[in-house]
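Results of the structural survey
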Amino acid sequence: MAVTASSKSEKDKLRKDCAKSTDLPNELLKDKHVRYFKQMLSLLPEAFESHDSTRLTLLYFSLGALDLLGAIPDISDSRKKEMIKWIYSLQVKPDDISGYKRCGFYATDSLPNSVEVNYGHIAMTYVALCSLLILGDDLSGVDR
């Protein structure tokens, strides 16, 4: 349950207390944020292991943060190519042989690649395409 201030004076006091806090830095610790998001590109911290089914989303938010921090150029071209290759490996392509016309992108590669779960997901497709663009891909590998 959230703690809420019930009166204007309580809200003002909370704001003042937060403003007086000396525990927080007054500026963005850019280098620490860049290191954290670069780490997220390679290894999920233990606290995020249960989020394996949304790895593509975690990649997107990490890349987005690095892009905002101006750190995408710091990622090597070979690492970018690895990430692009992984994203494309999650693409669901239509299967004319079985008659399935599914498309889009999976959220992760840890699910079995079978007809029963061979569905793209609109949110994962969005973050896949955005991630590819952030990485400088021309989307030529997207099955349209």
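Worth saying up front: this structure is predicted, and the values here are computed from it rather than measured.

Reading the values: the criteria
Residues numbered from 1 in each chain as written. Predicted model: local features only at pLDDT ≥ 70, side-chain atom pairs only at ≥ 80, totals over all residues. Heavy atoms only, no water. Helix = DSSP H or I, 4+ residues; strand = E, 2+ residues; numbered from the N terminus. Expected span 1.5 Å × (residues − 1). Core = buried A, V, L, I, M, F, W, Y, C linked by side-chain atoms within 4.5 Å. Buried < 20%, exposed > 50% of the residue type's maximum accessible area, 1.4 Å probe, protein only. Contact = heavy atoms within 4.5 Å. pLDDT = per-residue confidence, 0-100. Polar contact = N/O pair within 3.5 Å; in protein donor to acceptor, adjacent residues only side chain to side chain. Phe/Tyr/Trp six-rings, centres within 6.5 Å; stacked < 30°, edge-to-face > 60°. Salt bridge = Lys/Arg side-chain N within 4 Å of Asp/Glu carboxyl O.

1. Some words on helix 5 (residues 122-134)
With 13 residues, helix 5 extends 18 Å from end C-alpha to end C-alpha; this agrees with the ideal 18 Å at 1.5 Å per step. Of the residues one or two after helix 5, G136 is the one with positive phi, at around 90 degrees.

2. What to know about the nonpolar core
Counting residues in hydrophobic clusters, the biggest one holds 32 residues, and the most contacted among them are L56, L59, L63, L66, I87 and L132. For this core, the elements supplying multiple residues, two or more each, are helix 2 (30-42), helix 3 (55-68), helix 4 (77-89) and helix 5. Residues contacting L56, with those up to four places away along its chain left out, are W86, I87, L90, F105, Y106, A107, M124, V127 and A128.

3. Regarding the confidence of the model for the protein
When pLDDT is averaged along the protein, the result is 79; 63% of the residues meet or exceed 70. Every residue in residues 1-5 scores below 50 in pLDDT, and together they form 3 contacts with partners more than four places removed in sequence or on other chains.

4. Topic: the side chain of Q91
Turning to its location among the elements, Q91 is positioned in strand 1 (residues 91-92). Within the structure, the side chain of Q91 is placed 3.1 Å from the backbone oxygen of G141, a separation counted as a polar contact. In terms of polar contacts, Q91 uses its side chain to reach the backbone amide nitrogen of D143, at 2.6 Å. Once residues lying within four places of it in the same chain are set aside, the contact partners of Q91 are G104, F105, G141, V142 and D143.

5. Things to note about the packing of aromatic side chains
With the rule as written, the count across this model stands at 3 aromatic pairs. Judged by centre distance (5.1 Å) and plane angle (80 degrees), the ring pair of Y36 and F37 falls under edge-to-face. For Y36, a relative accessible area of 34% gives the class partly exposed. A residue is classified by how much of its surface remains accessible, and F37, at 19% relative accessible area, is buried. The interplanar angle of 70 degrees and the centroid separation of 6.2 Å between the aromatic rings of Y60 and Y126 together place this pair among those described as edge-to-face. Taken as a pair, Y60 in helix 3 and Y126 in helix 5 lie far apart in primary sequence, 66 residues in all. Here the aromatic residues Y60, F61 and Y126 are joined through ring pairs into a cluster of three or more.

6. Quick notes on the environment of S42
Topologically, S42 is positioned in helix 2. S42 sits in the exposed class, given a relative accessible area of 59%. Here the alpha-carbon distance between S42 and R79, two residues 37 residues apart in the chain, equals 9.7 Å.

7. Digging into unusual backbone geometry
Of note, L139 is a non-glycine position whose phi angle comes to about 65 degrees, a positive value. Structurally, the position occupied by L139 is in the segment after helix 5.

8. Some words on the pattern of salt bridges
Note that side chains of opposite charge can pair when their charged atoms are close. Using the criterion set out here, one finds 1 salt bridge in the structure. The closest approach of N and O atoms between E82 and R79, which form a salt bridge, is 3.1 Å. Taken as a pair, E82 and R79 lie in helix 4 at a separation of 3 residues, close to a single helical turn.

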